[in-house]
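For reference, the chains in residue letters:
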Amino acid sequence: MASSRTATLYRMVLPDHTCPFGVGAKQLLQAEGFTVEDHILRTRDEVEEYKAKEGVATTPQVFIDGERIGGLDALEAYLGKG
C-alpha cells in the first residue's frame, strides 16, 4: 500500500540533542514503506522559525500526500499503530 508513497518530515537534530520523536517518526515511516524527505532543523532558531511559520507548537511534523499529519502520536494514529 505505502510502498510508492513519500512522506515529508521536519525534525530537530541539534548538535547536543536529537529529538527522539523525530527519530521515531522517521523509523515508523520507513518501516511502513514510505520514502522519507527528511528536513533537519539544525539550530534552535531554525526550529522556532519553522514552528512560527507553520503555526505549530512542536516538531516533528509529518506530511503525507501534502496533508499535515502532525507529530509522532498523530502519525501512529494515522497509520493505525497508536
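Quantities reported herein were computed from a predicted structural model and do not represent experimental measurements.

Undergrad: Requested: an account of the nonpolar core, with residues and values cited.
TA: Of all hydrophobic cores here, the largest spans 13 residues; its most connected members are Ala 25, Leu 29, Phe 34, Val 62, Ile 64 and Leu 75. Going through the elements one at a time, β1 (6-14), α1 (20-31), β4 (61-64) and α3 (72-78) are the ones with two or more residues in this core. The element best represented in this core is α1, accounting for three residues. With residues up to four places along the chain from it excluded, the contact list for Leu 75 reads Ala 25, Leu 28, Leu 29, Val 62, Ile 64 and Ile 69. Core analysis: the next-biggest nonpolar cluster, separate from the first, contains eight residues, Met 12, Cys 19, Leu 41 and Phe 63 among them.

Undergrad: Give a description of the environment of Phe 21 that names residues and reports values.
TA: Relative to the elements of secondary structure, Phe 21 occurs in helix α1. Considering only alpha carbons, one finds Phe 21 and Leu 75, 54 residues apart in sequence, at a separation of 11 Å. Contact partners of Phe 21, with chain neighbours within four places excluded, come to Pro 60 and Leu 72.

Undergrad: So, the pairing of β4: which residues are in play, and what are the values?
TA: By the alternation rule, side chains of β4 split into Gln 61 and Phe 63 and Val 62 and Ile 64, which are all buried. Taken together, the three bridges between β4 and strand β5 (residues 67-70) define a ladder with antiparallel strand orientation. Looking across to β5, one finds that Val 62 is bridged to Gly 70. Between the antiparallel neighbours β4 and β5 lie two residues, among them Asp 65 with a positive phi of about 50 degrees.

Undergrad: Outline α1, supporting the account with residue identities and numerical values.
TA: When the terminal C-alpha atoms of α1 are compared, their 16 Å separation across twelve residues agrees well with the 16 Å that a helix rising 1.5 Å per residue should span. Of the residues making up α1, those classed as buried are Gly 22, Gly 24, Ala 25, Leu 28 and Leu 29. Angularly, the buried residues of α1 cover 160 degrees about the axis, an arc narrow enough to put them on a single face. Facing away from the buried side of α1 by over 90 degrees, the exposed positions are Pro 20, Gln 27 and Ala 31. Looking one or two residues past α1, Gly 33 carries a phi angle of roughly 90 degrees, positive in sign.

Undergrad: Before we move on, can you summarise the confidence of the model for the protein chain with the specific residues and values?
TA: Summarising the model, the protein chain shows a mean pLDDT of 94, and 95% of its residues fall at 70 or more. Taken element by element, the protein chain is modelled with least confidence in strand β2 (residues 17-18), mean pLDDT 95, and with most confidence in β4, mean pLDDT 98.

Undergrad: Help me get a handle on the packing of aromatic side chains, residues and values and all.
TA: Enumeration over the complete set of coordinates arrives at two aromatic pairs. Between the aromatic rings of Tyr 10 and Tyr 50, the centroid separation amounts to 4.7 Å while the plane-to-plane angle is 20 degrees, which identifies the pairing as stacked. Of this pair, Tyr 10 sits in strand β1 while Tyr 50 sits in helix α2 (residues 44-54); the two residues are 40 residues apart in sequence, bridging distant segments of the chain. Here Tyr 10 and Phe 63 contribute two aromatic rings whose centre-to-centre distance is 6.0 Å and whose plane-to-plane angle is 80 degrees, an arrangement assigned as edge-to-face. Of this pair, Tyr 10 sits in strand β1 while Phe 63 sits in strand β4; the two residues are 53 residues apart in sequence, bridging distant segments of the chain. Through successive ring pairs, a cluster of aromatic residues spans Tyr 10, Tyr 50 and Phe 63.

Cut-off values and rules
Residues numbered from 1 in each chain as written. Predicted model: local features only at pLDDT ≥ 70, side-chain atom pairs only at ≥ 80, totals over all residues. Heavy atoms only, no water. Core = buried A, V, L, I, M, F, W, Y, C linked by side-chain atoms within 4.5 Å. Buried < 20%, exposed > 50% of the residue type's maximum accessible area, 1.4 Å probe, protein only. Helix = DSSP H or I, 4+ residues; strand = E, 2+ residues; numbered from the N terminus. Contact = heavy atoms within 4.5 Å. Pairing = 2+ DSSP bridges. Expected span 1.5 Å × (residues − 1). Arc of directions from axis to C-beta. pLDDT = per-residue confidence, 0-100. Phe/Tyr/Trp six-rings, centres within 6.5 Å; stacked < 30°, edge-to-face > 60°.

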